[in-house]
Amino acid sequence: ANTHRLCNTKILSTMATTNAEDQRKAAELQARLASAGDKLTTASGVKVPNVSIDAGAHKYVLISACLPGGNKRENFVVSRAGAEYHRDAAEPFVEVLDRNNYSSIRILGGGRIALDNTSKTCSIYGYSYGFGLADHALSKAVVEKDNRYKDYDITWSNDGY
């Protein structure tokens, strides 16, 4: 059952939604990634983990990129404590991928992710004004593949903000 649990309503209600400046910067990031195209890469670079989520309830983004030196595309789920906007979660991770020679980097959408390591639950829900709605089922599948979360109850929903 893909149910939505608000683990920390107080934190969620104080999160910033968006503003014109964030929308502009999110669009600029998307445009920069699109204009980078399919740059030629070498196999050098460090393998970047597919899941990088901070404990608590935070904004998250779903990112895809081609592995260094090849055409194999992988997906990444990224959240960051203190990210006021989804762009604040995306930009540092995009830089890590770029530095490690990943190519064709795309931000597929965003939402919220609530990770509780004590109760071993992870709820994925909501959407991003700047990047649109992420495919939460895909995000769930990415998190489920990570052995650190093998014993977690991972759920998703398109409800909520």
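Use the structure listed above.
Residues numbered from 1 in each chain as written. Predicted model: local features only at pLDDT ≥ 70, side-chain atom pairs only at ≥ 80, totals over all residues. Heavy atoms only, no water.

1. Focus: the pattern of salt bridges
Rules: The salt bridge criterion pairs a side-chain nitrogen of Lys or Arg with a carboxyl oxygen of Asp or Glu, the two atoms within 4 Å. Here's how the labels work: a residue is buried when its accessible area is under 20% of the maximum for its type, exposed when over 50%, partly exposed in between, all with a 1.4 Å probe on protein chains only.
In total, this model carries six salt bridges according to the counting rule given. For the salt bridge of Asp 88 with Arg 87, the shortest nitrogen-to-oxygen distance reads 3.5 Å. By relative accessible area, which is 10% here, Arg 87 ends up buried. In the salt-bridge network here, residues are joined through shared partners; they are Lys 47, Lys 72 and Glu 74.

2. Some remarks on unusual backbone geometry
It is generally the case that most residues other than glycine have a negative phi and that most peptide bonds are trans. This is how it is decided: What counts as a helix is a DSSP run of H or I of at least four residues, what counts as a strand is a run of E of at least two, and both are numbered from the N terminus.
A positive phi angle is found at Asn 101, which is not glycine, with a value near 65 degrees. Its place among the elements puts Asn 101 in the loop between α3 (86–99) and β4 (103–116). Even without being glycine, Ser 104 reaches a positive phi, approximately 50 degrees. Locating Ser 104 in the fold gives a position in strand β4.

3. A short note on the layout of surface pockets
Basically, it comes down to this: A cavity here means a set of 1 Å grid points, computed over protein atoms only, where a 1.4 Å probe fits but cannot escape. A pocket is an open set with protein on both sides within 12 Å along at least 5 of 7 lines, and lining residues have an atom within 4 Å of a point. Grid points are joined across faces, edges and corners, and a volume is the space filled by probe spheres set on the points.
In this structure, the largest pocket encloses a volume near 200 Å³. Forming the boundary of the largest pocket are Asn 50, Val 51, Lys 72, Arg 73, Glu 74, Asn 75, Leu 138, Ala 141, Val 142, Lys 145 and Asp 146. Elements with a minimum of two residues in the lining of the largest pocket: β3 (73–79) and α4 (136–145). Examining the composition of the lining of the largest pocket, we find that four residues originate from one element, α4, more than from any other.

4. Examining α3
The condition that has to hold: How far a helix is expected to stretch is found by multiplying one less than its residue total by 1.5 Å.
Here α3 is 14 residues long and its end C-alpha atoms lie 20 Å apart, about the 20 Å a rise of 1.5 Å per residue gives. Buried within α3 are the following residues: His 86, Arg 87, Asp 88, Ala 89, Ala 90, Phe 93, Val 94 and Leu 97. Note on α3: the residue one or two positions beyond its end, Asn 101, has a positive phi of about 65 degrees.

5. Concerning the nonpolar core
To keep it simple, the criterion reads: Within this scheme, the nonpolar core is defined by two criteria: the residues are buried Ala, Val, Leu, Ile, Met, Phe, Trp, Tyr or Cys, and they are joined through side-chain atoms within 4.5 Å. Note on definitions: a residue-residue contact is assigned when non-hydrogen atoms from the two residues lie within 4.5 Å.
Core analysis: the biggest nonpolar cluster contains 17 residues, and Ile 63, Phe 76, Leu 97 and Ile 107 have the highest contact counts within it. Those residues in contact with Phe 76, other than ones at most four positions away along the chain, are Val 48, Pro 49, Asn 50, Val 61, Leu 62, Ile 63, Ala 65, Phe 93, Leu 97 and Tyr 102. Counting 15 residues, the second largest nonpolar core, distinct from the first, contains Val 51, Tyr 60, Ile 113 and Val 143.

6. Considerations on α4
Residues spaced three or four apart along an α-helix point in a common direction, a consequence of the helix completing one turn every 3.6 residues. We count it as follows: The arc in question is the one spanned by the directions pointing from the helix axis to the C-beta atoms.
All of the buried residues in α4 are His 136, Ser 139, Lys 140, Val 142 and Val 143. Down the axis of α4, the sector holding all buried residues measures 160 degrees, keeping them to one side.

7. Some thoughts on the packing of aromatic side chains
Rules: Centres within 6.5 Å make a pair out of two Phe, Tyr or Trp rings, where for Trp the six-membered ring is used; the pair is then stacked when the planes are under 30 degrees apart, edge-to-face when over 60, and tilted otherwise.
Inspection of every chain in the model, using the stated rule, returns four aromatic pairs. Ring geometry for Phe 76 and Phe 93: centres 5.6 Å apart, planes at 55 degrees, overall tilted. With Phe 76 in strand β3 and Phe 93 in helix α3, this pair connects stretches of sequence that are 17 residues apart. The two residues Phe 76 and Phe 93 agree in class, both being buried.

8. Examining the sheet that holds β4
Stated precisely, the cut-off is as follows: When DSSP finds at least two bridges between two strands, those strands are taken to pair. Here the axes come from fitting lines to C-alpha atoms, over the contacting stretch only for helices, and the angles between their N-to-C directions go from 0 to 180 degrees.
Read across the open sheet, the six strands follow the order β1-β3-β2-β4-β5-β6; overall the sheet is mixed. If you trace the sheet from one side to the other, it starts and ends with β1 (51–52) and β6 (153–156), each paired once. Bridge count between β4 and strand β5 (residues 121–125): five bridges; the pairing is antiparallel. In the strand pairing of β5, Leu 115 is matched with Cys 122. Across the sheet, α3 touches β1, β2 (56–66), β3 and β4, and the angle it forms with β2 is around 35 degrees. Contacts from α4 reach β1, β2, β3, β4, β5 and β6 within the one sheet, and its direction differs from that of β6 by about 165 degrees.

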